Amino acid sequence: MVAIRVIHDTEADRDVPLPGYETPGAAGADLRANFPDRGGIELAPGARALVPTGLRIEIPDGYEVQIRPRSGLALKHGITLPNSPGTIDSDYRGPLGVIVMNAGSEPFRIAHGDRIAQMVVAPVVQARFELAGDLSETARGAGGFGSTGRR
Ligand SMILES: O=c1ccn([C@H]2C[C@H](O)[C@@H](COP(=O)(O)OP(=O)(O)OP(=O)(O)O)O2)c(=O)[nH]1
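Computed from a predicted model, the values in this text were never measured in an experiment.

Draft legend 1. Main features of the sheet that holds strand β11 (residues 115–123). Taking strand neighbours across the sheet as the criterion, the four strands line up as β2-β11-β6-β8 in an open arrangement whose pairing is antiparallel. Among the strands making up the open sheet, the edge pair consists of β2 (29–32) and β8 (86–88). Across the sheet, the mean angle separating the axes of adjacent strands is 35° when strand polarity is ignored. Bridge count between strand β6 (residues 63–68) and β11: six bridges; the pairing is antiparallel. Each bridged residue has a counterpart across the sheet, and for I67 the counterpart in β11 is M119.

Given below as structure tokens:
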């Protein structure tokens, strides 16, 4: 368990619950829409929008937050996140937004306070990228992008 410090945006509705886990074993904490005007939006089929959460967070060093779609919204309404998983860097202090897209065939309304996505906290490993003369040989070699299905 890690602690993530959270503050509200100036115009955010503080009555909207903070992200929370719905069950003891949940990996994702549900994130809610928090529109400054307490209204909502209607997302036309194929449209995208940045939905505010009203939150800014401080992720501990060595961790990231991934913003992922909710499967129920995806299955029932085609609501997805085009940048899924959205990456929240540990040094980001700006407003947390969720980029939603309506991949369904009907308009979809997102109301103030709706649970629109989920956030997963994950450890991060940073690499040092070293320019090398060559790479080690393997059985796969350069095969990829479905190469094993063609054998
Ligand atoms: O779904 C998202 C994705 C990103 N962010 C915020 C947090 C993240 O730390 C920052 C930058 O995201 P990312 O690195 O994906 O964006 P970029 O397009 O590479 O922009 P930048 O040049 O600002 O890094 O934007 C969100 O609030 N929601």
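Draft legend 2. Representation of the site of the ligand in the model. Surveying the vicinity of the ligand reveals the residues N83, G86, T87, I88, D89, Y92, P95, L96 and G97. One of the side-chain nitrogen or oxygen atoms of N83 is found 3.0 Å away from an oxygen atom of the ligand. The separation between an oxygen atom of the ligand and a polar side-chain atom of D89 is 2.5 Å. Notes on the ligand: free accessible area 570 Å², of which the protein chains cover 49%. Tallying contributions element by element places β8 first for the shell around the ligand, with three residues. Looking at the shell around the ligand residue by residue, the classes come out as four nonpolar, four polar and one charged.

Draft legend 3. Summary view of the UniProt feature "domain: dUTPase-like" (unreviewed entry) in the protein. As annotated by UniProt and renumbered to match this structure, "domain: dUTPase-like" (unreviewed entry) occupies residues 16–149. Taken end to end, residues 16–149 is 5% helix and 35% strand, and its first and last C-alpha atoms sit 49 Å apart.

Definitions and limits used
- Residues numbered from 1 in each chain as written.
- Predicted model: local features only at pLDDT ≥ 70, side-chain atom pairs only at ≥ 80, totals over all residues.
- Heavy atoms only, no water.
- Pairing = 2+ DSSP bridges.
- Helix = DSSP H or I, 4+ residues; strand = E, 2+ residues; numbered from the N terminus.
- Axes fitted to C-alpha atoms, helices over the stretch in contact; angles between N-to-C directions.
- Near = heavy atom within 4 Å.
- Polar contact = N/O pair within 3.5 Å; in protein donor to acceptor, adjacent residues only side chain to side chain.
- Areas by Shrake-Rupley, 256 points an atom, 1.4 Å probe, with all protein chains shown as cover.
- Nonpolar A, V, L, I, M, F, W, Y, C, P; charged D, E, K, R; others polar.
- UniProt positions renumbered as here; feature names shortened; annotations may be inferred.

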